[in-house]
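# An overview of the molecular structure
Here are the chains, one letter per residue:
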Amino acid sequence: MASSRYPNPDRLARPLVQGLHPYVPGEQPKTRGLIKLNTNENPFTPAPGVLKALKEAVDGRLRLYPNPTASRLRSELARFHGVQEAQVIVGNGSDELLALAVRTFVEPALEGNGSPSSAGQPSQVVQYFHPSYSLYPVLAATHGARPHAVPLMEDFDIPHGKDLSRAGWLQKAALSLVTTPNAPSGRGYPTDRLRELVAKQKGVVVLDEAYAEFAEEHAMDLASEMPHVLVSRTFSKAYSLCYLRVGYMIGHPSLIAAMDRMRDSYNVNGMAQVAAEATLKARGHYEKVFKKVRAIRQTTADQLTALGFSVLPSQTNFLFARPPGGHAEAWLLELRKRKILVRWFDAPGIRDRIRITIGSASEMSRFIQVVSLLEPRLHRGAVRKGT
Ligand SMILES: *Cc1c(COP(=O)(O)O)cnc(C)c1O
């Protein structure tokens, strides 16, 4: 292949891009009989009305471009949240909107060689807590912005008052991304605490509420209270629509208009718009789903606790649990051998825990059955790492 007549394709990507480490999503294997508790998907199917609307939309109209601004969906979301349509932007999953926020509000900080320059400017900073959503540092890196991780407290609470600045939190960061409730810990934060945190910020703050529907409270009001706050939501987790990729943000019309300028014209595909609109008409169905998930969450947490796990209180559709003995990676591997997939993060402060998505009642009872069989072996560390 090597021919001097042509440019070397390995050298054609920007230096920044050549050095990037991509985001690592949870596995999506197609093994039969696998119990998938690793990517926080909802075990319950979308409402019948959603499936019907999708089926009815599959016809010759597929040749047409979809509504470029998702205007009907945006107006229904505006009505649902009691805001103006100009306060709503819809994306190809909330991931797209998080990336768009980085590109809209943060200056790249590049030297000629493609690596971020050393002298820090707040206008170049993407700030977030650790641990939180592991996509954030990737979004900062792909943009050539400066990632700034600030440690949460040991119990995953947000540091308070003086502790916050001591931890390194910057009031001037161009963009701060706050996962609330937190992932992967599942911990929820009171709106008053978030209000206090956000009120002092000089840049844009995104409250990433991907799991808000499973929580006791949410902070959507802050999106209308303060002009620098965006609240991010998704149809993936609570509304069982991961496959279609729809998310949205709500905030001040000026922030939304700025992001809209950076948005691709047809960023949300037609099927996704159809499904999301039908979802908003099936509130009753989903309220029942949220209730079921919360009930299974409680049962599973109690059962794990009885088996010696240390389980954090969760405001989400997953549990973050420290197995007895703390051999979390061994648990991941042993569970996988028995066709149960959970998530383990090889990162400081959370290596001794596994994250378990709440599945259906029957999936969770199988999970508990397998855990109780494994517990006597793994607790004593009888299993070598990786066996
Ligand atoms: C799953 C998740 C998202 C992404 O949601 P999509 O709408 O599917 O892109 C965003 N933030 C957090 C914290 C998540 O867990």
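Read on for a plain summary of the structure. (Residues numbered from 1 in each chain as written. Predicted model: local features only at pLDDT ≥ 70, side-chain atom pairs only at ≥ 80, totals over all residues. Heavy atoms only, no water.)

Turning to empty space enclosed by the protein, a few remarks are in order. All chains considered together, the criterion is met by one cavity of 30 Å³ or more. Within this model, the largest cavity holds a volume of roughly 40 Å³. In terms of residue count, strand β5 (residues 175–179) provides more of the lining of the largest cavity than any other element does, three residues in total. (1 Å grid on protein atoms, 1.4 Å probe; cavity = no way out; pocket = protein on both sides within 12 Å on 5 of 7 lines; lining within 4 Å. Points joined across faces, edges and corners; volume = space filled by probe spheres on them. Helix = DSSP H or I, 4+ residues; strand = E, 2+ residues; numbered from the N terminus.)

On to the packing of helix α4 (residues 94–105) against helix α5 (residues 135–143). Interaxial distance between α4 and α5 falls to 10 Å at its minimum, and their mutual angle equals 45 degrees. The angle between α4 and α5 places the two elements in the oblique class. Crossing of α4 over α5 shows right-handed handedness. Facing Asp95, Leu98, Ala99, Val102 and Arg103 of α4, the residues of α5 in contact are Leu135, Tyr136, Leu139 and His143. Its residues assigned to classes, the contact of α4 with α5 shows six nonpolar, one polar and two charged. (Axes fitted to C-alpha atoms, helices over the stretch in contact; angles between N-to-C directions. Parallel < 35°, antiparallel > 145°, perpendicular 65-115°, else oblique. Left-handed = near helix turned anticlockwise from the far one by under 90°. Contact = heavy atoms within 4.5 Å. Nonpolar A, V, L, I, M, F, W, Y, C, P; charged D, E, K, R; others polar.)

The set of residues buried in helix α9 (residues 253–262) consists of Leu255, Ile256, Ala258 and Met259. Around the axis of α9, the buried residues are gathered within 160 degrees of arc, so they sit on the same side. At its buried positions, α9 is contacted by β2 (88–91), α4, β6 (204–208), β7 (229–234) and β8 (247–251). (Buried < 20%, exposed > 50% of the residue type's maximum accessible area, 1.4 Å probe, protein only. Arc of directions from axis to C-beta.)

Ordered in space as β9-β10-β12, the three strands form an open sheet in which the pairing is antiparallel. Looking at which strands have only one partner, the edges of the open sheet turn out to be β9 (310–311) and β12 (354–357). Pairing analysis gives four bridges linking strand β10 (residues 318–322) to β12, with the strands arranged antiparallel. Along β12, the bridge assignment pairs Phe320 with Arg355. Along the sheet face, helix α11 (residues 283–306) touches β9, β10 and β12 and points at about 10 degrees away from the line of β10. (Pairing = 2+ DSSP bridges.)

So, on to the sheet that holds strand β3 (residues 125–130). Taken in spatial order, the seven strands of this open sheet run β2-β8-β7-β6-β5-β3-β4, and their pairing is mixed. At either end of the open sheet lies a strand with only one pairing partner, and these are β2 and β4 (146–151). For this sheet, the mean angle separating the axes of adjacent strands, direction not counted, is 20 degrees. Where β5 meets β6, five bridges bridge the pair, whose relative direction is parallel. Bridge pairing in β6 places Ser176 opposite Val205.

With that settled, consider the environment of Pro131. Assignment of secondary structure puts Pro131 in the loop between β3 and α5. A residue is classified by how much of its surface remains accessible, and Pro131, at 6% relative accessible area, is buried. Sequence spacing of Pro131 and Asn269 is 138 residues, and the spatial spacing of their C-alpha atoms is 32 Å. Sequence-distant contacts of Pro131, defined by excluding residues within four places in its chain, comprise Leu152, Phe156, Asn182, Ala183, Pro184 and Ile350.

Close to the ligand lie Gly93, Ser94, Asp95, Tyr133, Thr179, Asp208, Ala210, Tyr211, Thr234, Ser236, Lys237 and Arg245, which account for all nearby residues. Arg245 is positioned such that a nitrogen or oxygen atom in its side chain is 2.7 Å from an oxygen atom of the ligand. Relative to its unbound accessible surface of 390 Å², the ligand loses 93% to contact with the protein. Here the residues of the shell around the ligand sort into three nonpolar, five polar and four charged. (Near = heavy atom within 4 Å. Polar contact = N/O pair within 3.5 Å; in protein donor to acceptor, adjacent residues only side chain to side chain. Areas by Shrake-Rupley, 256 points an atom, 1.4 Å probe, with all protein chains shown as cover.)

Going through the model one piece at a time under the given rule, you end up with 13 aromatic pairs. Plain terms: the ring middles of Tyr65 and Tyr266 are 4.4 Å apart, the flat faces sit at 20 degrees to each other, and that makes the pair stacked. Taken together, the residues span a long stretch of sequence, with Tyr65 in the loop between α2 (48–57) and α3 (71–81) and Tyr266 in the loop between α9 and α10 (270–280) at a distance of 201 residues. Here the aromatic rings of Phe235 and Tyr239 are separated by 5.4 Å at their centres, their planes lie at 45 degrees, and the arrangement is tilted. Overall, Tyr239 belongs to the buried group, its relative accessible area being 5%. These aromatic residues form a ring-pair network of at least three members: Phe214, Phe235, Tyr239, Tyr248, Tyr286 and Phe290. Lying over the aromatic face of Phe44, Lys292 brings its terminal NZ or CZ to 4.3 Å of the ring centre. (Phe/Tyr/Trp six-rings, centres within 6.5 Å; stacked < 30°, edge-to-face > 60°. Lys NZ or Arg CZ within 6 Å of the ring centre and 35° of its normal.)

Moving on to the layout of surface pockets. If a probe as big as a water molecule is rolled over the atoms, it shows which places are left empty. What the second largest pocket holds in volume is close to 560 Å³. Taken together, 19 residues make up the lining of the second largest pocket; nearest its centre are Ala57, Arg61, Arg72, Gly270 and Val274. Among the elements of the structure, α2, α3 and α10 are those that each provide at least two residues to the lining of the second largest pocket. Sorting elements by how many residues they give to the lining of the second largest pocket places α10 first, with six residues.

Structurally, Gln127 is set in strand β3. Looking at Gln127, its side chain comes within polar contact range of the main-chain nitrogen of Leu170, at 2.6 Å. Apart from the residues lying within four places of it in its own chain, the contact partners of Gln127 are His148, Val150, Gly168, Trp169, Leu170, Ala173, Leu175, Ser176, Leu177 and Gln201.

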